[in-house]
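What follows is the residue order along each chain.
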Amino acid sequence: MESYVERPPLPALAGAVRTVWVQRTGATAYVQRNLPTGGVEIHLPVGGSPQLIGPLTGPEIEVVPPHTTIVGVRFLPGTPPPLPTALDDLVDQRVDLADLWGGSVDALVDRTARASTPERALDLLEAHLVHLLRRAAGPDPLVGAAVGALMPWHRVGIDALAGRLALSPSQLRRRCLHTVGVTPKVLQRTLRFQGFLALAQAGAVATGRRGADGTAGLAIDTGYADQAHLSRECLRLTGLTPRGLLGGGMDRCACGHEHAASYRPFLATRRRPPRA
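Everything numeric in this text was worked out from a predicted model, so none of it was measured.

Right, let's talk about the pattern of salt bridges for a bit. In the structure shown here, the tally under the stated rule is 12 salt bridges. With a shortest N-O distance of 2.8 Å, glutamate 60 and arginine 94 are connected by a salt bridge. With glutamate 60 in strand β6 (residues 60-64) and arginine 94 in strand β8 (residues 94-96), the pair connects residues that are 34 residues apart, well separated along the chain. The exposure class assigned to glutamate 60 is buried, which follows from its relative accessible area of 17%. Judged by its relative accessible area of 26%, arginine 94 is partly exposed. Residues participating in the shared-partner salt-bridge network are Arg189, Arg192, Glu233 and Arg236.

What follows is the structure in structure tokens.
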């Protein structure tokens, strides 16, 4: 890949969007491994057809053609863009955005294709989303509270969480399936892994609990029972081992790009426990 640059979203999108980016490929195709994040994504190839990536439960591999520029938006769990269907209908799917939004997509594609720079194309996509979200009903507040409680390093059981929200476990499950696309337990596992990636990307130092250092220490800090537990979840969610995913290093992933804008929201929720 020629370049990949992430940044935080516009302030008007900060409550719904986790990060935005511009991706460029060079003279050869690029094999992209899309990972579960708990949210949905919009990928808009400049001059091409935008697509919505539904909630993922495992890796999605795509081949990005040479000389392609993509502007993208990654939404937070529970805060998708306005859609005509529940998110559990879109799990592990890639859908043309025109099939969901109709003719308004044509104007968006035309404006972004004529943008002077990819960064300007991303600005236009964000502005379009601001307009849509202002006209839409707000997210489910109980699901939002559930997502916050299920963030990494919050030790909470699903039944206890449902009771805290004055819901039955089945009610919480239904609301999460509708608004997030997956069950609370699946979301919790996804967010826990995202928390591990956040610590790894930031080069975080393990707390030292149980005498563990390095990957093992970060696994325990994020809520895994041990490093083997992390390895199993990493294979399930990404198709790779932690070492294969991170390229053997703990300060950046194998792709070599900076992801601070994406992982900063996770690190902001971290409370470092005291050393044992």
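If you walk across this open sheet you meet the six strands as β1-β2-β7-β4-β5-β8, and the pairing is antiparallel. Looking at the sheet topology across the chains shown, the edges are occupied by β1 (3-7) and β8. The average angle at which neighbouring strand axes cross in this sheet is 20°, direction not considered. Alignment of strand β2 (residues 17-24) against strand β7 (residues 69-75), held across seven bridges, turns out to be antiparallel. Bridge pairing in β7 links valine 22 to valine 71. With respect to the sheet, helix α3 (residues 118-135) is in contact with β1, β2, β4 (41-45) and β7, its orientation differing from that of β7 by roughly 35°. Packing of helix α11 (residues 260-267) onto the sheet brings it into contact with β1, β2 and β7, and relative to β2 it is tilted by some 160°.

In terms of nonpolar packing, the biggest core is built from 36 residues, with Leu161, Leu172, Phe193, Phe196 and Leu197 touching the most fellow members. Among the elements of the structure, α4 (141-149), α5 (158-164), α6 (169-179), α7 (184-201), α8 (214-222), α9 (227-238), α10 (242-246) and α11 are those that each provide at least two residues to this core. Counting residues per element, this core draws most heavily on α7, which supplies eight residues. With 29 residues, the next largest nonpolar core counts Ala16, Leu87, Trp101 and Leu122 among its residues.

Below, the discussion takes up a nonpolar patch on the surface. Together, Val31, Ile61 and Val63 make up an exposed nonpolar region whose accessible area comes to about 280 Å². Residue position: isoleucine 61 is located in strand β6.

Moving on to the pairing of β2. With eight of its eight residues buried, β2 lies for the most part within the structure. As judged from the five bridges shared by β1 and β2, these two strands associate in the antiparallel manner. Among the inter-strand pairings, arginine 7 is bridged to a residue of β2, identified as valine 20.

Here we take up unusual backbone geometry. Trans peptide bonds make up the majority, and among non-glycine residues the majority have a negative phi. In this structure, histidine 67 takes a positive phi of about 55° despite not being glycine. Summarising the element assignment, histidine 67 is placed in the loop between β6 and β7. Non-glycine residue aspartate 92 carries a positive phi angle of around 60°. On the secondary structure map, aspartate 92 appears in the loop between β7 and β8.

Checked against the element boundaries, threonine 183 lands in the loop between α6 and α7. For threonine 183, a relative accessible area of 12% translates into the label buried. Not counting residues within four places of it along the chain, the set of residues in contact with threonine 183 comprises Arg173 and Leu177.

All right, on to the environment of aspartate 110 then. For aspartate 110, the location among the structural elements is in helix α2 (residues 104-113). A C-alpha to C-alpha distance of 9.2 Å links aspartate 110 and glycine 48, two positions 62 residues apart in sequence. Only 3.0 Å separates the side chain of aspartate 110 from the side chain of arginine 114, close enough to count as a polar contact.

Let's shift gears to the pairing of strand β3 (residues 30-34). Residues Tyr30, Gln32 and Asn34 point to one face of β3 and are all buried, whereas Val31 and Arg33, pointing to the other face, are not buried. Two strands pair when backbone bridges link them, and β3 and β6 are joined in this way by five bridges, in the antiparallel orientation. Following the sheet pairing, arginine 33 is matched in β6 by isoleucine 61.

Reading the values: the criteria
- Residues numbered from 1 in each chain as written.
- Predicted model: local features only at pLDDT ≥ 70, side-chain atom pairs only at ≥ 80, totals over all residues.
- Heavy atoms only, no water.
- Salt bridge = Lys/Arg side-chain N within 4 Å of Asp/Glu carboxyl O.
- Helix = DSSP H or I, 4+ residues; strand = E, 2+ residues; numbered from the N terminus.
- Buried < 20%, exposed > 50% of the residue type's maximum accessible area, 1.4 Å probe, protein only.
- Pairing = 2+ DSSP bridges.
- Axes fitted to C-alpha atoms, helices over the stretch in contact; angles between N-to-C directions.
- Contact = heavy atoms within 4.5 Å.
- Core = buried A, V, L, I, M, F, W, Y, C linked by side-chain atoms within 4.5 Å.
- Patch = residues over 30% accessible without salt bridge, like charges linked within 9 Å, V, L, I, M, F, W, Y side chains within 5 Å.
- Areas by Shrake-Rupley, 256 points an atom, 1.4 Å probe, with all protein chains shown as cover.
- Polar contact = N/O pair within 3.5 Å; in protein donor to acceptor, adjacent residues only side chain to side chain.

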